[in-house]
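If you want the building blocks of each chain, they are given just below.
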Amino acid sequence: MHFYIADAFAAQRFSGNQAGVVPLGEGHFPEEELMRSLAGELKHSETAFVRRAGERSFHIRYFTPAEEVDLCGHATVAAFTVLRETGEIPAGHYALHTRSGDLKVTVEPEAVWMDMAPPVEGRTFSQGEQAELYHAYGLTLADRPEGLEPQAVSTGLLDILLPVRDIAVLNRARQDEAEVCRLSERYGVVGVHMFCPKTEGLCEGAYCRNFAPLYAIPEEAATGTSNGALTFYLYRRGLISPGEENCFIQGIAMGKPSEILSRLTQEDGAVRVRVGGRAVLTLRGEVL
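Right, let's walk through the structure included here. No experiment lies behind these values; they were computed from the predicted model shown.

This part covers empty space enclosed by the protein. Enumeration over the complete set of coordinates arrives at 1 cavity of 30 Å³ or more. Looking at the largest cavity, its volume works out to about 130 Å³. Class assignment of the residues belonging to the lining of the largest cavity gives a composition of 8 nonpolar, 7 polar and 3 charged.

In C-alpha cells form, the structure reads like this:
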C-alpha cells in the first residue's frame, strides 16, 4: 500500500497544508484501526483514503490522528491532485461519495475544485458566550469588528466563525487549547475559524486562522470546509457577491502560507459553495 504527502492550497513545496493520501485503486478500504494508525503515524491533520467506485466516481474517507471526520477540503484537493499527477485520472468532472454526502469534484490541469455540503447556519451566541470565546484566545469583545459577530456555520463540518478587527489582532491571538476543547464540546463544533475581513489588495475574502484542538489539530494552515462556511457567512452579510472568485489567506502565522479559493452561486434559490486550489506532491512512501 503506497501513500503520498501533498501540500494542498499551495503552489510550491513545503507550504500550504499537508495531507496524507492513500490511493486504493478499486480495492476495499483497510480496517479502520489501520487507517487511524497510519493517519497518526503520518501526523498530518488529515489523511485521505480514496478508492475508485466507477469510471467517474470515487469513495473517500478522512482520518485525523484521533478519529474519522466527515469531510476535509484540503485532503480532497490533495487526493485528486495525486490521482491526476500519477496518471490515474485525467482532468474532468467526477462524483465523490463522503460521509458528509455526495459531492462533485472538478479536476483542472492546475487546480481542483469541489462542492461543499449545502450551507447550514448554526447557533449565534449571547454577549457572555462571545466574551468567553474571545477570552479563549486572549482577546476581548473590543477586538470584535463592528457589525460582525460569531456564528456557527457548516458546509460539511460545523465551525464557530470568530471575526476579529484586523490582521494585528489575528496575529496576536493566543489559544488556550483546553478551553477551546471545552467550548468545542459544549457547542458541538469541530473548532474555531478566526478571520478578519479583506484588506486593501486582497480579492473578496479574508485572512484566517483555524483551530481544532479537540481533534488533535492545535492550528491548521489551510481548511477548505471552514472557508466554504466563511464564504456563506460573508455572503449572508453582503460582503461576498455570487459568481465572484474569493480568496482566503491562511497559515501565515505557521510559516505555511496558503491560498484557498471559493465560488458561491445561486440557482433556483439554492446557494452552492465550491472551494478550490492547487496542490504539490512532496513525498511518496510504502506501508510495509
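Next comes the rest of the account.
What follows covers the side chain of S45. With respect to the helices and strands, S45 occurs in the loop between α1 (32-42) and β3 (47-54). Within the structure, the side chain of S45 is placed 2.9 Å from the side chain of E46, a separation counted as a polar contact. A distance of 2.5 Å separates polar atoms of two side chains, one belonging to S45 and the other to E220.

Below, the discussion takes up the pairing of strand β15 (residues 245-250). The buried fraction of β15 is high, at 5 of 6 residues. Two elements, strand β13 (residues 205-212) and β15, share 4 bridges in a ladder whose sense is parallel. Within β15, the position partnered with C208 by the bridge is Q250. Pairing of β15 with strand β16 (residues 258-267), which is carried by 6 bridges, proceeds in the antiparallel orientation. Residue pairing for β16: Q250 is matched across the bridge by S258.

To continue, consider unusual backbone geometry. The phi angle at F9 is positive, at roughly 60°, despite the residue not being glycine. In this fold, F9 is placed in the loop between β1 (2-8) and β2 (17-23). Notably, K43 is not glycine yet its phi reads approximately 70°, a positive angle. Mapped onto the elements of the fold, K43 is located in the loop between α1 and β3.

Overall, the coordinates contain 20 salt bridges when judged by the stated rule. Across the pair R209 and E219 runs a salt bridge whose closest N-O atoms are separated by 2.9 Å. You can see R209 sitting in strand β13 and its partner E219 sitting in strand β14 (residues 217-220), a full 10 residues away along the chain. For R209, a relative accessible area of 8% gives the class buried. Since its relative accessible area comes to 19%, E219 is described here as buried. A single network of salt bridges, built from pairs that share partners, joins E32, E33, R36, R61, E68, D70 and R99.

Turning our attention to the state of the cysteines. Here the structure, examined in full by the defined rule, presents 0 disulfides. Unpaired in terms of disulfides, C181 finds its nearest cysteine sulfur in C72, a separation of 18 Å. In this model C196 remains outside any disulfide bridge; the closest cysteine sulfur is found in C208, 7.7 Å from its own.

Each value, and the rule that gives it
- Numbering of residues begins from 1 in every chain and follows the order in which that chain's sequence is written.
- Local features in this predicted model are restricted to residues of pLDDT 70 or higher, and side-chain atom pairs are both shown and tallied only at a pLDDT of 80 or more, whereas totals for entire chains, interfaces and linings draw on every residue.
- Neither water nor hydrogens contribute to the side-chain values; these are computed over all heavy atoms in the structure.
- Grid points spaced at 1 Å and placed over the protein atoms alone form the basis of the search, with a cavity being a set where a 1.4 Å probe fits but cannot get out and a pocket an open set showing protein on both sides within 12 Å along at least five of seven lines. Lining residues have an atom within 4 Å of a point.
- Grid points are joined across faces, edges and corners, and a volume is the space filled by probe spheres set on the points.
- Only Asp, Glu, Lys and Arg are considered charged in this grouping, and only Ala, Val, Leu, Ile, Met, Phe, Trp, Tyr, Cys and Pro are considered nonpolar; every other residue, Gly among them, is considered polar.
- Helix and strand labels come from DSSP, where a helix needs a run of H or I of at least four residues and a strand needs a run of E of at least two; each type is numbered from the N terminus.
- In the analysis that follows, any N or O atom pair within 3.5 Å is treated as a polar contact, provided that within protein one partner can donate a hydrogen and the other can accept it, and provided that, for residues neighboring in sequence, both atoms belong to side chains.
- Buried residues are those whose accessible area, probed at 1.4 Å on protein chains only, stays under 20% of the maximum for their type, while exposed residues exceed 50% and partly exposed ones sit between those limits.
- Note: two strands are recorded as paired if DSSP finds a minimum of 2 bridges between them.
- Throughout this description, the term salt bridge denotes a Lys or Arg side-chain nitrogen within 4 Å of a carboxyl oxygen of Asp or Glu.
- The rule for a disulfide is simple: a pair of cysteine sulfur atoms within 2.5 Å.

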